[in-house]
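The primary structure of each chain is shown beneath.
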Amino acid sequence: MADEIFVNPRLAAVYDPLDPDRRDLDPYIRLAEELRARRVLDIGCGTGVFALLLAERGIEVVGADPAQASVDVARAKPGGDQVRWICGDAAALPPLQVDLATMTANVAQEIVDQDDWQATLRGTYTALRPGGHLVFETRDPARRAWEAWNRESSHRVTEIPGAGPVENWVDVTEVAGPLVSFRWTYVFAADGEVLTSDSTLRFRQRQEVEVDLRTAGFVVREVRDAPDRPGREFVFIARRPDSAGPR
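Predicted model only: the values in this text are computed from it and were never measured. Along each chain, residue indices are assigned from 1 in the same order as the chain's sequence is written. Predicted model: local features are reported for residues with pLDDT of at least 70 only, side-chain atom pairs are reported and counted for 80 or more only, and whole-chain, interface and lining totals are derived from all residues. Derived side-chain values reflect all non-hydrogen atoms in the structure, with water molecules and hydrogen atoms excluded from consideration.

A. The arrangement of the packing of helix 7 (residues 114-127) against helix 9 (residues 206-215) in detail. Throughout, an axis means a line fitted to C-alpha atoms (over the contacting stretch in the case of helices), and angles, computed between N-to-C directions, take values from 0 to 180 degrees. By definition, any uninterrupted DSSP run of H or I lasting at least four residues is a helix, any uninterrupted run of E lasting at least two residues is a strand, and each is numbered from the N terminus. Following both chains from N to C, one finds helix 7 and helix 9 inclined at 55 degrees, their axes separated by 9 Å at the closest point. The pairing of helix 7 with helix 9 is recorded here as oblique in orientation. In this structure, helix 7 meets helix 9 at a crossing whose hand is right-handed. Of the residues in helix 9, those in contact with Gln 114, Trp 117, Gln 118 and Leu 121 of helix 7 are Glu 208, Asp 212, Leu 213 and Thr 215. The class makeup of the residues in the contact of helix 7 with helix 9 is three nonpolar, three polar and two charged. The labels follow the angle: roughly parallel below 35 degrees, roughly antiparallel above 145, roughly perpendicular from 65 to 115, and oblique for the rest. Handedness of each helix crossing follows the sense of rotation of the near helix against the far helix: counterclockwise by less than a right angle gives left-handed, clockwise gives right-handed. The criterion used for residue contact is that any of the two residues' heavy atoms lie within 4.5 Å. Under the scheme applied here, ten amino acids are nonpolar (Ala, Val, Leu, Ile, Met, Phe, Trp, Tyr, Cys and Pro), four are charged (Asp, Glu, Lys and Arg), and all others, including Gly, are polar.

The following block contains the structure:
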């Protein structure tokens, strides 16, 4: 089930203005170019920022996300008619034969249940053409990123056209093994409404992810550093073997 920030229409509408710096997507654009991808599946596309960046470059894009409110925001953006939007997850996709599948930002970590994670990997494998690639990122658990997730470091007030000032901050609510739960709070000054969105991320070890990928049939080609967050994240590049087997 998606978090409130993605499924509540009022929160989905302010998601982009509250997180306008998406330079984290630049490496994915470069990877799409490096892999010469002409058809891309953006899993967990959210409000469609990455999918639309790809579409602007003439790439055929399918954006999939289980949160209808976020998909509605994506579809309404300029260029939204150039992307095929699917409200759903990677475990139940229609037949596709894409060159590249991506899970940007927190998408892979938001799939906390191991059965759901394996179903996502299997569904992605099926959606790729033989020889196609899956690229996604996860945070290195050893860096304990959640220790900086608190009101003191995250509190801000953002003036959003059409919505007015929106105050927001995050607090960690629980750390239980590999699962880290946290709550974002949003205060809309226009009418005083307070909304919250609870999230949980799963922090997987690198070796654990590699085993999961191989179990789903992928060949792990490379694990890179995130260029904009060196030493903090793993970027996995996995390949669906072609009919002749892995190269």
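B. Structural view of helix 7. With 14 residues, helix 7 extends 20 Å from end C-alpha to end C-alpha; this agrees with the ideal 20 Å at 1.5 Å per step. Exposure classes here rest on a 1.4 Å probe applied to the protein chains alone. A residue is buried below 20% of its type maximum, exposed above 50%, and partly exposed in between. Buried residues of helix 7: Trp 117, Gln 118, Ala 119, Thr 120, Leu 121, Gly 123, Thr 124 and Ala 127, and no others. If you follow the buried residues of helix 7, they end up packed against strand 1 (39-43), strand 4 (98-103), helix 6 (107-110), strand 5 (128-139) and helix 9. Here, expected helix span is obtained from the residue count minus one, scaled by 1.5 Å.

C. Local environment of the sheet that holds strand 7 (residues 164-176). In space, the four strands of this open sheet follow the order 6-7-8-9, with antiparallel pairing throughout. In this open sheet, the two strands that pair with only one neighbour each are strand 6 (156-160) and strand 9 (194-202). Across the sheet, the mean angle from the axis of one strand to that of its neighbour is 25 degrees, orientation sign disregarded. At least two bridges found by DSSP between two strands are what make those strands a pair. Inspection of the sheet shows strand 6 paired to strand 7 by five bridges, in the antiparallel sense. Counted as the bridge partner of Arg 156 is Asn 168 from strand 7.

D. The side chain of Thr 47, seen in detail. Checked against the element boundaries, Thr 47 lands in the loop between strand 1 and helix 4 (49-56). Overall, Thr 47 belongs to the buried group, its relative accessible area being 4%. When sequence neighbours within four positions are dropped, the list of residues in contact with Thr 47 reads Ala 12, Tyr 15, Asp 16, Ser 70, Val 73, Ala 74 and Lys 77.

E. Representation of the nonpolar core. Only buried Ala, Val, Leu, Ile, Met, Phe, Trp, Tyr and Cys residues count toward a nonpolar core, and they belong to the same one when joined by side-chain atoms within 4.5 Å. Counting 29 residues, the largest nonpolar core has Leu 41, Leu 93, Met 103, Leu 134, Phe 136 and Leu 213 as the members making the most contacts within it. Residues Ile 29, Ala 37, Ala 51 and Val 235 belong to the second largest nonpolar core, which totals 25 residues.

F. Quick peek at the environment of Val 211. Inspection of the secondary structure puts Val 211 in helix 9. In this structure Val 211 comes out as partly exposed when scored by relative accessible area, which is 43%. Counting along the chain gives 16 residues from Val 211 to Leu 195, while the straight-line C-alpha distance between them is 38 Å.

G. Main features of the packing of aromatic side chains. The pairing test for Phe, Tyr and Trp rings, Trp by its six-membered ring, is centres within 6.5 Å, and the orientation test on the planes gives stacked under 30 degrees, edge-to-face over 60, and tilted for anything in between. Under the counting rule described, the total for this entry stands at ten aromatic pairs. Between Trp 146 and Phe 203 the ring centres are 4.9 Å apart and the planes differ by 75 degrees, which places this aromatic pair in the edge-to-face class. One end of the pair, Trp 146, is in the loop between strand 5 and helix 8 (151-154); the other, Phe 203, is in the loop between strand 9 and helix 9, with 57 residues separating them in the sequence. Accessibility assignment for this pair places Trp 146 and Phe 203 in one class, buried. A centroid spacing of 6.3 Å and a plane angle of 45 degrees characterise the contact between Trp 149 and Phe 203, whose relative ring orientation is tilted. Separated by 54 residues along the polypeptide, Trp 149 in the loop between strand 5 and helix 8 and Phe 203 in the loop between strand 9 and helix 9 bring together distant segments of the chain. In this pair, the class of Trp 149 matches that of Phe 203, namely buried. Counting every residue linked through ring pairs, the aromatic cluster contains Trp 117, Phe 136, Phe 234 and Phe 236. Counted as over-ring charges are cases with an Arg CZ or a Lys NZ within 6 Å of the ring centre that also lie within 35 degrees of the ring normal. Geometry around Trp 169 places Arg 151 over its ring, the cationic atom sitting 3.9 Å from the centre.

H. View of the state of the cysteines. Note on disulfides: each one is a pair of cysteine sulfur atoms within 2.5 Å. Applying the stated criterion to the full structure yields zero disulfides. Lacking any disulfide linkage, Cys 45 is separated from the closest cysteine sulfur, that of Cys 87, by 9.0 Å.

I. Representation of the sheet that holds strand 2 (residues 60-65). Pairing within the open sheet is mixed, and its seven strands lie in the order 3-2-1-4-5-11-10. Edge positions in the open sheet fall to strand 3 (83-87) and strand 10 (219-225), since each of these has one partner strand only. Going from strand to strand, the sheet's axes swing by 15 degrees on average, the running direction of each strand aside. Helix 3 (residues 26-34) contacts strand 4, strand 5, strand 10 and strand 11 (233-239) of the sheet and is inclined by roughly 160 degrees relative to strand 5. Contacts from helix 7 reach strand 1, strand 4 and strand 5, with the element oriented near 145 degrees to strand 5.

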